[in-house]
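# Per-entry structural report
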Amino acid sequence: MPIASPEVYTEMLKRAKTQGFAYPAINVTSSQTLHAALRGFAEAESDGIVQISTGGAEFLSGATVKDMVTGSVAFAEFARVAAEKYPVNVALHTDHCPKNKLDGFVRPLLEISKERVARGQEPLFQSHMWDGSAVELEENLRIAEELLAASKAAHTILEIEVGVVGGEEDGIVGEINEKLYTTPEDALRTAEALGLGEKGYYMTALTFGNVHGSYKPGFVKLRPQVLKEAQEAVGSKHGKDQPFDFVFHGGSGSSMEEIHEAIEYGVVKMNVDTDTQYAFTRPIVDHVMRNYDGVLKVDGEIGSKKAYDPRSYGKAAEAGMAARVVEAAQHLKSAGNKMS
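In this text, all values refer to a predicted model and were calculated from it rather than measured experimentally.

The geometry of helix α6 (residues 137-153) relative to helix α7 (residues 184-194) is characterised by a closest axis approach of 10 Å and an angle of 35 degrees between their N-to-C directions. For α6 against α7, the interelement crossing comes out right-handed. Counted together, Leu137, Glu138, Leu141, Ala144, Glu145 and Leu148 of α6 and Asp186, Arg189, Thr190, Ala193 and Leu194 of α7 form the full contact between these two elements. Classifying every residue of the contact of α6 with α7 by side-chain character gives 6 nonpolar, 1 polar and 4 charged.

All chains considered together, the criterion is met by 15 salt bridges. Where Asp275 meets Arg324, a salt bridge forms, and the shortest distance between an N and an O atom there is 2.9 Å. Of this pair, Asp275 sits in helix α10 (residues 274-290) while Arg324 sits in helix α13 (residues 310-331), and the two are 49 residues apart along the sequence. Through salt bridges with shared partners, a single ionic network connects Arg39, Glu43 and Glu318.

Moving on: the pairing of strand β4 (residues 127-130). Covered by surrounding structure in β4 are Ser127 and Met129 together with His128 and Trp130, the residues of both alternating faces. By the bridge criterion, 2 bridges tie strand β3 (residues 90-94) to β4 in an arrangement that is parallel. What sits directly across from Thr94, in β4, is His128. Running through helix α5 (residues 106-118), the crossover from β3 to the neighbouring parallel element β4 is right-handed. Remark: the β4/α6/strand β5 (residues 157-162) crossover connection has right-handed handedness.

As a further point, take the packing of aromatic side chains. Scanning all chains against the criterion turns up 5 aromatic pairs. With a centroid separation of 5.3 Å and an interplanar angle of 85 degrees, the aromatic rings of Phe21 and Tyr23 are classed as edge-to-face. There is no split in this pair, since Phe21 and Tyr23 are both buried. Feature note: the residues Tyr202, Phe244 and Phe246 constitute an aromatic cluster, connected by ring pairs.

The next subject is unusual backbone geometry. The residue His155 is not glycine, and still its phi comes out positive at about 60 degrees. With respect to the helices and strands, the residue His155 is situated in the loop between α6 and β5. For Asp299, which is not a glycine, the phi torsion comes out positive at approximately 55 degrees. Tracing the backbone through its elements, the reader meets Asp299 in the loop between α11 (292-295) and α12 (305-308).

Criteria and cut-off values
- Residues numbered from 1 in each chain as written.
- Predicted model: local features only at pLDDT ≥ 70, side-chain atom pairs only at ≥ 80, totals over all residues.
- Heavy atoms only, no water.
- Axes fitted to C-alpha atoms, helices over the stretch in contact; angles between N-to-C directions.
- Helix = DSSP H or I, 4+ residues; strand = E, 2+ residues; numbered from the N terminus.
- Left-handed = near helix turned anticlockwise from the far one by under 90°.
- Contact = heavy atoms within 4.5 Å.
- Nonpolar A, V, L, I, M, F, W, Y, C, P; charged D, E, K, R; others polar.
- Salt bridge = Lys/Arg side-chain N within 4 Å of Asp/Glu carboxyl O.
- Buried < 20%, exposed > 50% of the residue type's maximum accessible area, 1.4 Å probe, protein only.
- Pairing = 2+ DSSP bridges.
- Right-handed = clockwise from strand over helix to strand, strands pointing away.
- Phe/Tyr/Trp six-rings, centres within 6.5 Å; stacked < 30°, edge-to-face > 60°.

Rendered as structure tokens:
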């Protein structure tokens, strides 16, 4: 199937919320990790979301080029062609973009999509994230309001973050403290500033103890109840049941009970990066260790071309990451729920 149209993407998110599941949003950094994500979605019979961060976009442009827009455009165009061969709907998303990178990442990409839509084409990406966690709430929402208007004009969806995700991702560092827990007052102010759909479609990454990175179960102190309290506060004021579509960041180390409780309170998208990175790299390490004398030309020998051919370990890496994507879809209950 092709990359999801704005209408299909909206329907995907609506189905997730009404049917009680969430989509894995898989971070990728190359054509091969893209194929791993697409393969995993297909094997799980799940639609899904593929996303790139600012660092991923730079990497996709070439390690010496480091241009986020170039990398993003190249990735999106490649994904459009590659996704045609997989029997699932996939949306393209840009992940965490802080204030100092908006002008070199999200804003120009929104302008490209706006121009594409004016020509009768689909937008380049289906959604973008503005990460305002490093600024005060009022500035966060002021920028979000501007981006939401641009997003609506580009036929895309905006994702915002209200609160702070702990840990580090692509140089964005969040301290592990009480700011990890968004308050009902923050949620009410968000609805007041951005509306509940009339100004444009947005998803909200309210924070409830989320931490980026790799952690053992039990380290991350999640409070999914924060999401319920936010929905109830805003829903009561505006007469809507679960008015927000939530995004779950920093899910490594979360228990299945916490994940499912978060879905119950309106999570429709969960970012998966750390675990899929490891699932991709682990088979490569295994291949190198099992084929040490072939991968390396030890003591003047010639090695084995079959062992150091990137395809030999690349296939294993793709399969390993795809299996982890299947697992994510099963955990989030999107497996078997693809749209026909």
